[in-house]
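# Architecture and fold: a report
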Amino acid sequence: MTTTAPPRTPAPVVQREPRPVPAWRRGLRPYVLSIPAVLIIVGILYPFVLGAYYAFLNYAAVVRQPVFVGLENFANTLSDPAFWSSVRVTLFYAVVATVVETVLGVGIALLLNRSSLIGRIFERVLILPLMIAPVIAGVIWGLMFNPQYGVLNYVLGLGSTFDWLGETTAIWSVILVDVWIYTPFVAILVLAGIRSLPKEPFEASAVDGASWFYMFRRLMLPMMWPYILVAVIFRFMDSLKIFDHVFVLTAGGPGDATRTLQIGAYQNSIIQLQYSRGSTYMFLLWVIVFLTARYLVSVLGKAQRRAAGSEE
Amino acid sequence: MTRRDLWTPNRRDVLRMLGVGGAAVGASSLLAACGLGTGGGPATENGAAEVTGGFDWRKAEGAEISILQTPHPYQVAFQPLLAEFTELTGITVKADLVAEADYFTRLNTELASGAGNYDAFMIGAYFIWTYGPPGWMEDLRPWLENSSATHPDYDFEDIYEGLRRSTSWDFQIGSPLGTGGQWAIPWGFETNVICYNKTEFDRRGIRPAETFDDLIQLAIDLTDRANNKYGIAFRGSRSWATIHPGFMTQFTREGCKDYELQGDQLTATMNSPQAVDFTRKWVELAKAAGPTSWTNYEYPDCTGDLGAGTAYMVYDADSATYPQNIAGNSAQAGNLAWHPGPAGPDGNYATNLWTWSLAMNSASRNKLAAWLFIQWATSKEAQTKAVQTGQAGFADPTRKSVFDGAFKQTLGNFPGYQETFEKVIASTDIKFTPQTSFFETTEEWAVALQDIYAGQDAKERLDALAEANTAAVNRAS
Amino acid sequence: MAARELGPGQRRFSPASIGADLVLLAWFVFSLFPLVWMVLLALKTDAEQISTYFAFTPTLENFATVLSSEGERLTSVDFTDALLTSVINCVGAVIVSLVIGIPAAYAAGRWKYRGSNDVMFTILSFRFAPELMVIVPLFVIYNQIGLFDTNVGMIWVLQLVTMPLIVWILRSYFQDMPAELEQAALLDGYTRKRAFLMVALPLVRPGIAAAALLAFIFAWNNYVFPLILTGSQNTPVTVAVTRFLGGGGQAYYNLTAAAAIIAALPPLLVALSIQRYLVRGLSFGAVKS
């Protein structure tokens, strides 16, 4: 059996049996390795609990004596149509943005994997939109969207009356900016994953006369799923919490068309100084993120197992 | 007034929290026990009384203060002058800057936490209504009245009366502005009037409108969408800032009022028949002769369009349009002129103002030094210097003597600016009824405008708004 | 350039391949146009910044202003200092996340120990917290313990951004990594630790490169945390860039664009230097026989 194993540094001069490690220590190892990672972020737990606690008070800057109000804030918020409108906007945004970015990202990764001329030239610049902070991207796109002096209406010949950020168009435009910024994130992740896949199964399949499409569906996709799902999880979670560029572009308007949950929270807490109301929004947002992440992670687990199975 | 900081529990509270769980009964006594509402740190009292002896600029020599600012021509004008302050007083100043869009987020957090990182800061009048009640700001009246702390020639009354009134309130519903403590000293301010493209107007042989209906007609006549030109720009974004400049000014001129006091409750009257009529016309003006993306327009967009020649008029702050006429700043520099805007039906020129003022953090550890800074920055000498040397000008100075003196000299290239100012200044102050839910209710007002722009019926929408606002205004204790 | 080798089932110039190239081209036009436009904006003077499209007189003045003492006067921070602060914060954050996260990812990826999924989910869950929820209490606490406006404070807070990303990406790589190579090293007498360092780690290099790069970028572009948690001493560059917008009358989009371009250079350099580790890694397939 000849292998092309990676070159190894010479074995140590003194050959000895490795000392047997007691079973309990071996069992403890993974926990020991993982604890620092959890610990270092535990410090964040305290402010988080504090922030969550405000949701149970009637804390606002003008309230002289905040008192515990139990679930009153939640009752008020959950019966407020503005809140549910925010939930709708946020979910719509997250789902559409994530789906578009995943499809585009995977597509781009596959196309780049072909290493065509165009691909190799442009692969270097794939990452560029990620280099611009979302806040700044919001400013730049805002300038481009402006019907009066924006370059988009000029170049696309839409005249000075087409409003990219009007009541019906605003949500699509902010999603467009999200796609512009974050599709490269998905593409890079998936591309790195594709490139680390073993070549063997594909070569074997080709010898058997399989078409590219068959190979993609049966071999590549199952093996890529784990990488795709990591990208999906991160994108979905982040889009649920989206704030930066949307606030710059529309401040949640017109009306409530782009008022995502974190924007609503910001307006309550920071602008109106109603800390408790803002905290309630954010607590509920956290719950939504938690539940969807839990679901997506279990899907990831299943995909992982299927991928491991298909490699046999 | 004692200060109340953002509450953070100590160890005892955390243990109790974990034990108590969700029981409401235990919690209220828990909160009372850990002093929620009476401040996490030591009660901070007004520092003016401690200052004794004769006045001396070097009374706080060696101190170091930090000030929080946001980019603005006022800040730019004063940056080089800070060294002079240090020379005069021996106090070093560290100036920190926060982008305009985030300024109040940062200021909020700073003040609420009681951290005392900054001794003095820039503030707008409406923010006093929310930062004042929790005791985050130091009352400056005792400082003004303490001759040991204030230079005898300071002449506080030299500052325009409307400005002095606007930064003073006693935080009681129904009390007008001008009662209670002095929470900030006006540093620079702006009136809301019309700025228009004089060259274009002269070319067409027209003059700015004197009544609101004429203004509407004029703007519509000037609008030519095919050539990307429109008549008048004003703000429309989803923010309280949309209501406060041109809208509130003309609203008041037309005889409307935002709230009426009935007994000890305020009732919203932005849905009175005159107000509905005015609002409807205002929104239609935006549709017919305003920017296409009106619901996103903030003042840089408005002034930018004026400067580029796309809009022929702007109804907004005079200090915002002032820089557009400085050579090199915009394409239309040199072609602009100012006008008070349409008078009300009875000929009144009621005008709403905005003032950037300087205030002191009640948690400051260097109050005397901070007061010396505020005093110096709003003094005749410093303001005069800023007007003369400020890179983007200094519009408008808050002192009558400085306006009549140094500032007038600079207005040669700003046709109509002085006449406009002199016409409106006597009736310029804050036209809003002071109330602690200002931002919530005024933002809702802007949302209502956006909804009417989107097609909702004005009367219905404003009735809903008035109902919600009346509840919100009277809710705060 | 040498002609690329064709994968199985691929033909060189088929309609499909031309179509594929067109799609790629379309994406890159969409992707690069705003950046090109941003560069143009950075080259415009104040008067022309919004009144012109493609015909204008270019100037490099804006870049000079951003980096000079004039820029410092407009933003109250020296731009090169801000760049340095960002570099320290982000490199520090990524290094800390790697040092602590790689063992955790390895443990979860190689050994499916009991509770590994829960630990992984806990790490991920720190990303759930909306920033605004934690920012105000965090501000209070940082002031109390003296971490306000410090590099250490920012590095710690940035762990919220970098750690989950690094751990989760690397776990996938460790899961895919075949155990045989490590076993072989162990049989040769290596300790577990050396086997890990000499064999496992190099195998997941593409993963480390991708994770570190993405984590660095997200840390670099983070805005809300430095906005609230830093003051005048340790201002990072993203906060400094927005100050150039100005206020009170005129917005300086051209200066902001110039500043944003300069601020994007360090992450770009990092991306370009890591690129070669992102290419096809050591072929696992060779071992599977």
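One numbering rule holds for all chains: residues counted from 1, following each sequence as written. Both sets of labels track the order of writing: A upward for chains, 1 upward for ligands. Two thresholds apply to this predicted model, a pLDDT of at least 70 for residue-level local features and 80 or more for giving and counting side-chain atom pairs, whereas whole-chain, interface and lining totals are computed over all residues.

## Comments concerning the overall build of chain A
- In terms of helices and strands, chain A carries 13 helices and 0 strands.
- Under the scheme used here, helices are H or I runs from DSSP no shorter than 4 residues and strands are E runs no shorter than 2 residues, and both carry numbers assigned from the N terminus. The secondary structure elements of chain A, listed N-terminal to C-terminal, are α-α-α-α-α-α-α-α-α-α-α-α-α.
- Neighbour counting defines burial: a residue surrounded by 20 or more other C-beta atoms within 10 Å of its own C-beta is buried, one with 12 or fewer is exposed, and intermediate counts give partly exposed, using backbone-placed C-beta atoms. The 312 residues of chain A split such that 50% are buried.
- A residue pair is marked as a contact if its C-beta atoms, positioned from the backbone, fall within 7 Å. Nonlocal contacts in chain A, meaning residues at least 24 apart in sequence, comprise 72% of its contacts between residues at least 6 apart.

## Observations concerning the interface of chain B and chain C
- Tallying the contact residues gives 35 residues for chain B and 27 residues for chain C.
- Partitioning the side of chain B that touches chain C into residue classes produces 16 nonpolar, 14 polar and 5 charged. Charged means Asp, Glu, Lys or Arg here, nonpolar means Ala, Val, Leu, Ile, Met, Phe, Trp, Tyr, Cys or Pro, and polar covers whatever is left, Gly included.

## Digging into the pairing of strand β11 (residues 336-339) of chain B
Residue and element names in this part refer to chain B.
- Residues Leu336 and Trp338 line one face of β11 and the alternating positions Ala337 and His339 line the opposite face, and both faces are buried.
- Paired strands, in this sense, are two strands between which DSSP finds at least two bridges. Relative to β11, strand β6 (residues 185-197) is paired through 4 bridges, and the arrangement is antiparallel. If you follow Cys195 over to β11, its bridge partner there is Trp338.

## Remarks on the interface of chain A and chain C
- Opposite the 92 residues of chain A that make contact, chain C presents 97 residues.
- Top element by residues in the side of chain A that touches chain C is helix α1 (residues 23-54) of chain A. It accounts for 15 residues.
- In terms of residue class, the side of chain A that touches chain C is built from 65 nonpolar, 18 polar and 9 charged.

## Things to note about the packing of helix α19 (residues 438-453) of chain B against helix α20 (residues 458-475) of chain B
Residue and element names in this part refer to chain B.
- An axis is simply a line fitted to the C-alpha atoms; with a helix, the fit covers only the stretch in contact. Between two such axes, the angle follows the N-to-C directions and lies from 0 to 180 degrees. The N-to-C vectors of α19 and α20 enclose an angle of 170 degrees; their axes lie 10 Å apart at closest approach. As far as their axial angle goes, α20 and α19 are roughly antiparallel. Taking contact as the criterion, the partners of Glu440, Thr441, Glu444, Trp445, Ala448, Asp451 and Ile452 in α19 are, on α20, Ala458, Arg461, Leu462, Leu465, Ala468, Asn469, Ala472 and Val473.
- Its residues assigned to classes, the contact of α19 with α20 shows 9 nonpolar, 2 polar and 4 charged. Throughout this description, any angle smaller than 35 degrees is read as roughly parallel, any larger than 145 degrees as roughly antiparallel, any in the 65 to 115 degree range as roughly perpendicular, and the remainder as oblique.

## Quick notes on unusual backbone geometry
- Geometrically, the link from Ala395 of chain B to Asp396 of chain B is a cis peptide bond, its omega value of -10 degrees lying close to zero.
- Topologically, Asp396 of chain B is positioned in the loop between α16 (380-389) and α17 (400-409).
- Notably, Asp155 of chain B is not glycine yet its phi reads approximately 60 degrees, a positive angle.
- Take Asp155 of chain B: it is sitting in the loop between α7 (141-145) and α8 (161-166).
- Of note in this structure, Ser76 of chain C is not a glycine but carries a positive phi near 60 degrees.
- By secondary structure assignment, the location of Ser76 of chain C is in the loop between α3 (69-75) and α4 (79-110).

## Thoughts on the domain arrangement of chain C
Residue and element names in this part refer to chain C.
- Taken as a whole, chain C is organised into domain 1 (15-65) and domain 2 (69-280).
- Tallying the contact residues gives 10 residues for domain 1 and 10 residues for domain 2.
- Of all the elements, helix α1 (residues 15-42) adds the most residues to the side of domain 1 that touches domain 2, at 4 residues.
- For the side of domain 1 that touches domain 2, the residue count by class is 5 nonpolar, 3 polar and 2 charged. By convention here, the domain bounds are inherited from an automatic or database domain assignment.

## A word on the nonpolar core
- Val190 of chain A, Ala120 and Phe373 of chain B together with Leu170 of chain C are the most contacted members of the largest nonpolar core, which totals 336 residues.
- Contact partners of Val190 of chain A, with chain neighbours within four places excluded, come to Gly105, Val106, Ala109, Met224, Tyr227, Ile228 and Ala231 of chain A. Think of a nonpolar core as buried Ala, Val, Leu, Ile, Met, Phe, Trp, Tyr and Cys residues, each tied to the set through C-beta atoms within 7 Å.

## Quick notes on the environment of Tyr349 of chain B
Residue and element names in this part refer to chain B.
- Examined against the element boundaries, Tyr349 turns out to sit in the loop between β11 and β12 (351-360).
- Separated by 96 residues in sequence, Tyr349 and Arg253 place their C-alpha atoms 6.2 Å apart.
- In contact with Tyr349, other than residues within four places in its own chain, are Arg253, Pro340, Ala343, Lys423, Val424 and Ser427.

## What about the packing of helix α5 (residues 116-125) of chain C against helix α7 (residues 151-176) of chain C?
Residues and elements named next belong to chain C.
- The interhelical angle for the contact between α5 and α7, taken along N-to-C directions, is 145 degrees, at an axis separation of 8 Å. Like other packed secondary-structure pairs, α5 and α7 cross with a definite hand, here left-handed. For the pair α5 and α7, the contacting residues are Met120, Ile123 and Leu124 in the first and Met163, Pro164, Val167, Trp168 and Arg171 in the second.
- Of the residues that constitute the contact of α5 with α7, the class distribution is 7 nonpolar, no polar and 1 charged. When the near helix sits turned anticlockwise from the far one by under a right angle, the crossing is termed left-handed; a clockwise turn instead gives a right-handed crossing.

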